[in-house]
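Listed below are the residues making up each chain.
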Amino acid sequence: MKPVPYDPELEPGLAAFLDLVERIPLRADTILVNRAHFATIVPPVEQVVGDRPVEVEDRAVPGPRGEPDIVVTVVRPRGGVVDAPAIYSIHGGGMVLGNRFFGLDGLIDDVLRFGAVGVSVEYRLAPEHPAPAAVEDCYAGLVWLAANAAELGVDPSRIVVTGASAGGGLSAGVALLARDHGGPALAGQVLMCPMLDDRNETVSTRQYDGLGAWDRNNNDTAWNAILGPLRGTDQASPYQVPARMADLSGLPPAYVDVGAAEIFRDEAVAYASRIWATGGQAELHVWAGGYHGFAGFSPDAEVSRAAEAARLSFLRRVLR
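Residues numbered from 1 in each chain as written. Predicted model: local features only at pLDDT ≥ 70, side-chain atom pairs only at ≥ 80, totals over all residues. Heavy atoms only, no water.

Description of the overall build of the protein chain
To keep things clear, this is the line we draw: Here a strand is any run of E in DSSP of at least two residues, a helix any run of H or I of at least four, and the numbering for each starts at the N terminus. Radius of gyration here is computed from C-alpha atoms only, and the compact-globule reference equals 2.2 Å multiplied by the residue count raised to the power 0.38. Each residue gets one of three labels from its accessible area relative to the maximum for its type: buried under 20%, exposed over 50%, partly exposed in between, using a 1.4 Å probe on protein chains only. The Shrake-Rupley method, run with a 1.4 Å probe sphere, supplies the accessible areas, and residue values consider only the shown protein chains as cover. In this tally, Asp and Glu contribute negative charge and Lys and Arg positive charge; neither His nor the terminal groups of the chain are included. Throughout, a charge is located at the NZ atom of Lys, the CZ atom of Arg, the CG atom of Asp or the CD atom of Glu.
For the protein chain, the helix and strand inventory stands at 12 helices and 8 strands. Its C-alpha atoms give the protein chain a radius of gyration of 18 Å, within 12% of the compact-globule value 20 Å for 320 residues. By principal-axis analysis of the C-alpha atoms, the protein chain measures approximately 55 × 45 × 40 Å. For the protein chain, with 320 residues in total, the buried portion stands at 57%. Carbon and sulfur atoms make up 55% of the accessible area of the protein chain, which totals about 12,900 Å². Computed over 26 positive and 40 negative side-chain charges, the inter-centroid distance for the protein chain is 3 Å.

Given below as structure tokens:
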């Protein structure tokens, strides 16, 4: 099936990203190799922070009931804040790779832009910890953030959950859990190129079979690891697989952002459309020629600057 072409200005960034990850195919027997390599390309915290005026600390906080504690990294403007917005960040990596420091650079930028408190959560990875471990860990971290808002200097009415790729899917799942469990009231959810549907059957998944930063085969590997024998069945947790949630009503405003030239395009469009169908608020951007994660790996391209401006506009509106 013929793919949508990439924006030529983005192609060098995509090539550089593929070289950075050494083009190791993600398969059941290479998850650990990929994970180890991925860890080497995430810079140390001290390097990420540099001379920016923020305070960074790790906290061990309660995990899901009956499960181990989880670790979160808290980022605050130096000197502290009072009644600040909070940005709760969930990292990407297909729910099989990565750690809470992946994407920390962008979180620090947002902390300084908005005078916010940033919290990045470490969640358990598949296949060692299959669904719903990841989404439940992420939700536990959100509950801790809201419960400790005063001590952190946070206004609990201005918390946004955000993530890209797997982090986008988990952010959607956390918003669903908060709705259904009477949890923290979120001001918004920012779903960047979100991983939402285990079925891997859309047109866009077939267009990017063997192509791109995250392709159909990688997606199969990850969902098999996450769901095991429940994959493709109605027993799969709709909190870990938000596209399977029958009811998308009553959710906080959603920002849904995706490239036109990537695997998750169609499931992102469908998710936003289903929120609208309930009378909910969703802002959808499909960026022409954008590959998976293009704004992060090709930040100077015109389309990436437009995507970043749109994201920041949404955050300004929901956090005011």
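We are not done yet, so read on.
Notes on helix 12 (residues 302–319)
For clarity, the cut-off: Any helix carries an expected span of 1.5 Å times its number of residues minus one.
Between the first and last C-alpha of helix 12 there are 26 Å, a value that for 18 residues agrees with the 26 Å anticipated at 1.5 Å per step. Within the sequence span of helix 12, burial applies to V303, S304, A307, A310, R311, L312, F314, L315, V318 and L319.

A closer look at the pattern of salt bridges
Operational definition: Throughout this description, the term salt bridge denotes a Lys or Arg side-chain nitrogen within 4 Å of a carboxyl oxygen of Asp or Glu.
Counted under the stated rule, the structure contains 24 salt bridges. Between R100 and D58 there is a salt bridge whose closest N-O contact spans 3.2 Å. Of this pair, R100 sits in the loop between strand 3 (84–90) and helix 4 (104–114) while D58 sits in strand 1 (residues 54–61), and the two are 42 residues apart along the sequence. Each of E57, R59, R76 and E151 takes part in one network of salt bridges that share partners.

What about the layout of surface pockets?
Here is the rule: Only protein atoms enter the 1 Å grid used here, on which a cavity is any set of points holding a 1.4 Å probe that cannot leave and a pocket is any open set flanked by protein within 12 Å on both sides along at least five of seven lines; residues with an atom within 4 Å of a point are listed as lining. Grid points are joined across faces, edges and corners, and a volume is the space filled by probe spheres set on the points. In this classification, Asp, Glu, Lys and Arg are treated as charged, Ala, Val, Leu, Ile, Met, Phe, Trp, Tyr, Cys and Pro as nonpolar, and every other residue, Gly included, as polar.
In this structure, the second largest pocket spans a volume of roughly 200 Å³. Surrounding the second largest pocket, 13 residues form its lining, G63, P64, Y139, A140 and V143 being those nearest its centre. Counting residues per element, the lining of the second largest pocket draws most heavily on helix 5 (residues 133–147), at 6 residues. Looking at the lining of the second largest pocket residue by residue, the classes come out as 8 nonpolar, 3 polar and 2 charged.

Describing the packing of aromatic side chains
Worth spelling out the cut-off: Pairing of aromatic rings covers Phe, Tyr and Trp, the last counted by its six-membered ring, and requires centre-to-centre distances within 6.5 Å; plane angles under 30 degrees mean stacked, over 60 mean edge-to-face, and any other angle means tilted.
By the definition in use, this model includes 5 aromatic pairs. With centroids separated by 6.3 Å and ring planes inclined at 40 degrees, the aromatic side chains of Y6 and Y208 adopt a geometry described as tilted. In this pair, Y6 sits in the segment before helix 1 (11–20) while Y208 sits in the loop between helix 8 (203–207) and helix 9 (216–227), placing the two residues 202 residues apart along the sequence. Neither residue differs from the other here; Y6 and Y208 are each classed as buried. Ring centres 4.8 Å apart and planes at 80 degrees place the aromatic pair F38 and F102 in the edge-to-face group. Placement of the pair is F38 in helix 2 (residues 31–40) and F102 in the loop between strand 3 and helix 4, with a sequence separation of 64 residues.

A few points about the packing of helix 5 against helix 7 (residues 166–180)
To keep it simple, the criterion reads: A fitted line through C-alpha atoms represents every axis, and for helices the fit uses only the stretch in contact; the resulting angles, taken between N-to-C directions, go from 0 to 180 degrees. Handedness of a crossing is defined here by the sense of rotation of the near helix relative to the far one, left-handed for an anticlockwise turn of less than a right angle and right-handed for a clockwise turn. By the convention used here, residues are in contact when the closest approach between their heavy atoms is within 4.5 Å.
Two numbers describe how helix 5 lies on helix 7: the axes approach to 9 Å, and their chain directions differ by 65 degrees. When the axes of helix 5 and helix 7 are compared, the crossing they make is right-handed. Side by side, helix 5 and helix 7 meet where A134, V135, C138, Y139 and L142 of the first sit next to L170, G173, V174, L177 and A178 of the second. Along the lines of polarity and charge, the residues of the contact of helix 5 with helix 7 split into 9 nonpolar, 1 polar and no charged.

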